[in-house]
Structures are given as C-alpha cells and as structure tokens.
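# Per-entry structural report
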Amino acid sequence: MLQGARHVHMAALNAAAKDSGIEIEIHELRKAADLDDAQPHALVFPGGESTTMRLTGNDSASELLPAIFRWIREDSTRPVLGTCAGAILLCDPQDGGEPLVAAEIDRNAYGRQVDSFQSALDSTLLGRQFPGVFIRAPRFTKVGDTSEVVVTLENEVVGVRHGNRLALTFHPELSQDYAFHEWLLQTAKEVAA
Ligand code: GLN
C-alpha cells in the first residue's frame, strides 16, 4: 500500500471473492511488521511506479519490500499476483537474490503515458480472452525455462506464471473482469487446504 493502483485491487479482490464464494480478509501492508501481523495466504503487488516502490519500500520507516521478497522466497507455493510495476519487481527484485519470476522485463517498453492502450488478450490460464489495459507497460524480453507463458497479445507475451506466482504487464484490476483475482483466491484456497 505504499504506492500505485492499490484500492482498485482491493475492490477487484472483493468482487472476485463475491463471485467465487471465497471469504477473504484484506490486509493493507505498509511496513515489514504489517506482513508479520497479517500472515497472508496470498499477496498482490500492484502497478504504479517501480522506482518509487523500491525507494519507499526500502526506506527504514517501512522495509516492506525486503520483507515481501523474503516472504515470497520462504515458500514457493505462496500465491502472488504482480501487475505492471509489480511484475517488474517480481522479475527484477534488485536485491541480490534470484528473480521471483524467471523472466526478463523491460520498463516503459511501449513508450510514454500517451502510448497506453487497451487490447483483447488470450489467456491459457483462463481458457478465454481477457480485456487488457496497458499503462506505460513493461515488456517481457525473455521467459525463463521454469516459467510458463499464460497470457499473450497476438505474438507478444504479456503474462508469465512461475509456479503460483503470476506476473502480468497489464492492469487486470482496471477491467470489469476479475478472473485473475479469482485465480489468486482459488490458488490460495488450494494451498491452504
Ligand atoms: N512504468 C511503470 C514502471 O516502470 C509501470 C507502469 C504501471 O505499473 N502502470 O514501474
């Protein structure tokens, strides 16, 4: 909750919970201790500005970012949804450790804010199309052997899955389709069972 499209994700999670009948409790994380208190079953890394997230998340008043990276690495089954800037942080944590999603990603690869766009996407994870909203989006430049391409825009990769971690270069919380949020809740439910 330090920066970016946070509240829209909360609304999307609530809508997905309602649609799927899975009861949820949302915890807002701002500092490392919030993560310890919350003991979450899943995590959303929102879109926004990855440089700002790195700065605020590493600030001594927060230290949330290293705590999140630790939490994700502690247990590879923990479900994580990273969107746009969140996907950048998962693929390129810049903390000296392994990427959390094995893929290389290039920031602002489509150009400036005015080059933001919407397009229908194909998703093998959902088995159908999904409305993609791209805002100063990054672009996957390479997908690692341990990752799976699960969303495409024509021939381009826009969604990569690494186990229960999903990195999307678009903003699923900004469409009225909550299927990726439902995937996160379903995965969390299966892991917790
Ligand atoms: N351009 C942003 C970055 O580099 C990402 C944009 C977004 O999250 N919508 O972090």
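Everything below is about the structure shown above.
Residues numbered from 1 in each chain as written. Predicted model: local features only at pLDDT ≥ 70, side-chain atom pairs only at ≥ 80, totals over all residues. Heavy atoms only, no water.

### Concerning the state of the cysteines
Summed over the entire model, instances satisfying the criterion amount to 0 disulfides. For cysteine 91, which is in no disulfide, the shortest distance to another cysteine sulfur is to cysteine 84 and amounts to 11 Å. (Disulfide = S-S within 2.5 Å.)

### Describing the layout of surface pockets
As a volume, the largest pocket reaches approximately 820 Å³. If you go around the largest pocket, you meet 34 residues; those closest to its centre are His27, Pro40, Ala42, Leu43 and Val44. Those elements that provide at least two residues to the lining of the largest pocket are α1 (6–20), β1 (43–45), α3 (50–58), α4 (64–74) and α6 (179–192). Among the elements that make up the lining of the largest pocket, the one with the highest residue count is α6 (5 residues). Residue composition of the lining of the largest pocket, by class: 23 nonpolar, 6 polar and 5 charged. (1 Å grid on protein atoms, 1.4 Å probe; cavity = no way out; pocket = protein on both sides within 12 Å on 5 of 7 lines; lining within 4 Å. Points joined across faces, edges and corners; volume = space filled by probe spheres on them. Helix = DSSP H or I, 4+ residues; strand = E, 2+ residues; numbered from the N terminus. Nonpolar A, V, L, I, M, F, W, Y, C, P; charged D, E, K, R; others polar.)

### Observations regarding the site of the ligand
Within the structure, the ligand sits among Gly47, Gly48, Glu49, Ser50, Cys84, Ala85, Ile88, Arg107, Asn108, Ile135, Arg136 and His171. Between an oxygen atom of the ligand and a main-chain N or O atom of glycine 48, the distance comes to 2.8 Å. At 3.1 Å, a backbone N or O of arginine 136 approaches a nitrogen atom of the ligand. Of the residues that constitute the shell around the ligand, the class distribution is 4 nonpolar, 5 polar and 3 charged. (Near = heavy atom within 4 Å. Polar contact = N/O pair within 3.5 Å; in protein donor to acceptor, adjacent residues only side chain to side chain.)

### What about the pattern of salt bridges?
Scanning all chains against the criterion turns up 9 salt bridges. Arginine 136 is paired through a salt bridge with glutamate 49; the nearest N and O atoms lie 2.4 Å apart. Residue arginine 136 is found in the loop between β5 (128–134) and β6 (139–143), and its partner glutamate 49 is found in the loop between β1 and α3; the two are separated by 87 residues along the sequence. What makes arginine 136 partly exposed here is its relative accessible area of 27%. Overall, the relative accessible area of 18% leaves glutamate 49 in the buried class. (Salt bridge = Lys/Arg side-chain N within 4 Å of Asp/Glu carboxyl O. Buried < 20%, exposed > 50% of the residue type's maximum accessible area, 1.4 Å probe, protein only.)

### Here we look at the nonpolar core
Residues Leu43, Phe45, Ile72, Leu90 and Phe140 are the most contacted members of the largest nonpolar core, which totals 28 residues. Breaking this core down by element, the ones donating at least two residues are α2 (32–38), β1, α4, α5 (85–91), β3 (103–106) and β8 (156–162). Top element by residues in this core is α4. It accounts for 7 residues. Once residues within four sequence positions are removed from consideration, phenylalanine 45 is found in contact with Leu65, Ile68, Phe69, Ile72, Val80, Leu81, Gly82, Thr83, Gly86, Leu89 and Leu90. Formed by 24 residues, the second largest nonpolar core is a distinct cluster that contains Leu121, Ala137, Val150 and Leu153. (Core = buried A, V, L, I, M, F, W, Y, C linked by side-chain atoms within 4.5 Å. Contact = heavy atoms within 4.5 Å.)

### As for the pairing of strand β2 (residues 80–83)
Consecutive residues of a regular strand have side chains that alternate between opposite faces of the sheet. The alternating pattern of β2 places Val80 and Gly82 and Leu81 and Thr83 on opposite faces, both of which are buried. Pairing of β1 with β2 involves 3 bridges; the strand directions are parallel. Paired with leucine 43 across the bridge in β2 is valine 80. Pairing analysis gives 4 bridges linking β2 to strand β9 (residues 165–168), with the strands arranged parallel. From the neighbouring strand, leucine 81 faces β9, where its bridge partner is leucine 166. (Pairing = 2+ DSSP bridges.)

### Brief notes about unusual backbone geometry
Although it is not a glycine, glutamate 63 sits at a positive phi angle of roughly 55°. On the secondary structure map, glutamate 63 appears in the loop between α3 and α4. Judged by relative accessible area, which is 42%, glutamate 63 ranks as partly exposed. One non-glycine residue, glutamate 154, lies in the positive phi region at around 50°. Along the chain, the position of glutamate 154 falls in the loop between β7 (148–153) and β8.

What is shown is where atoms sit, not what they do.
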